[in-house]
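What the coordinates show
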Amino acid sequence: MQQDSVRKTLYFNENLWNQIEDIRFDQRIKTEADVIRMLVEAGIYLLQLKSDPMFDQYEQAAVDRFNSQG
């Protein structure tokens, strides 16, 4: 089943946008939307880990998971 999508308009300063574009190029991500989605998902995941009392133990796992996406 396909999930409903929500369209949003986002504004970035030039420095942040250049960093996003660099990540997109380095990771060979096809679209701007895909790289933004990936970065948001990674940020949410890391914030959830940070709230876990065992966060320090999971830091390497978070890095490994992030590196395996893409």
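Before going into details, it helps to say that this report is about the structure given with it.

Conventions used here
Position labels on residues start from 1 in each chain and follow its written sequence. For a predicted model such as this one, the threshold for reporting local features is a pLDDT of at least 70, and the threshold for listing and counting side-chain atom pairs is 80 or more; totals across whole chains, interfaces and linings nevertheless cover every residue. Based on all heavy atoms of the structure, the side-chain values leave hydrogens and waters out of the count. Each helix corresponds to a stretch of at least 4 residues labelled H or I by DSSP, and each strand to a stretch of at least 2 residues labelled E; elements are numbered beginning at the N terminus. To sort residues, take the accessible area from a 1.4 Å probe on protein chains only and compare it with the maximum for the residue type: under 20% means buried, over 50% means exposed, and anything in between is partly exposed. Accessible surface area values rest on a Shrake-Rupley calculation with a 1.4 Å probe, where residue burial reflects the displayed protein chains alone. Put simply, two rings from Phe, Tyr or Trp (the six-membered ring, in Trp's case) pair if the centres are within 6.5 Å, and we call them stacked under 30 degrees between planes, edge-to-face over 60, tilted for the rest. Basic side-chain nitrogens of Lys or Arg form a salt bridge, by our definition, when they fall within 4 Å of a carboxyl oxygen of Asp or Glu. To qualify as a nonpolar core, a set must consist of buried Ala, Val, Leu, Ile, Met, Phe, Trp, Tyr and Cys residues joined through side-chain atoms within 4.5 Å. Only heavy atoms matter for contacts: two residues are in contact if any of them lie within 4.5 Å across the pair.

This next bit is on the overall build of the protein. Within the protein, the secondary structure is distributed over three helices and zero strands. Its helices and strands taken in sequence order, the protein reads α-α-α from the N to the C terminus. For the protein, the proportion of its 70 residues judged to be buried stands at 11%. With the model as given, the accessible surface of the protein reaches about 6500 Å², and the carbon-plus-sulfur share is 51%.

Okay, the packing of aromatic side chains next. Following the criterion strictly, the structure yields one aromatic pair and no others. Where Phe 12 meets Trp 17, the ring centres are 5.3 Å apart and the plane angle is 40°; that geometry is what we call tilted. On the basis of relative accessibility, which here comes to 22%, the residue Trp 17 falls in the partly exposed class.

As a further point, take the pattern of salt bridges. Following the criterion strictly, the structure yields three salt bridges and no others. Put simply, Arg 24 and Glu 21 hold a salt bridge, and the shortest N to O gap is 3.7 Å. You can see Arg 24 and its partner Glu 21 sitting in helix H1 (residues 14-27), three residues apart, about one turn around the helix. Residue class for Glu 21 comes out partly exposed when judged on its relative accessible area of 24%. Among the salt bridges present, the one from Glu 32 reaches Arg 24, with a minimum N-O distance of 4.0 Å. Three or more residues joined by partner-sharing salt bridges are found here, namely Glu 21, Arg 24 and Glu 32.

What follows is about the nonpolar core. Ile 20, Ile 29, Val 35, Ile 36 and Met 38 together form the largest nonpolar core, which totals five residues. With three residues, the top contributor of residues to this core is helix H2 (residues 32-50). Filtering out sequence-adjacent residues up to four positions away, Val 35 remains in contact with Ile 20, Ile 23, Arg 24 and Ile 29.

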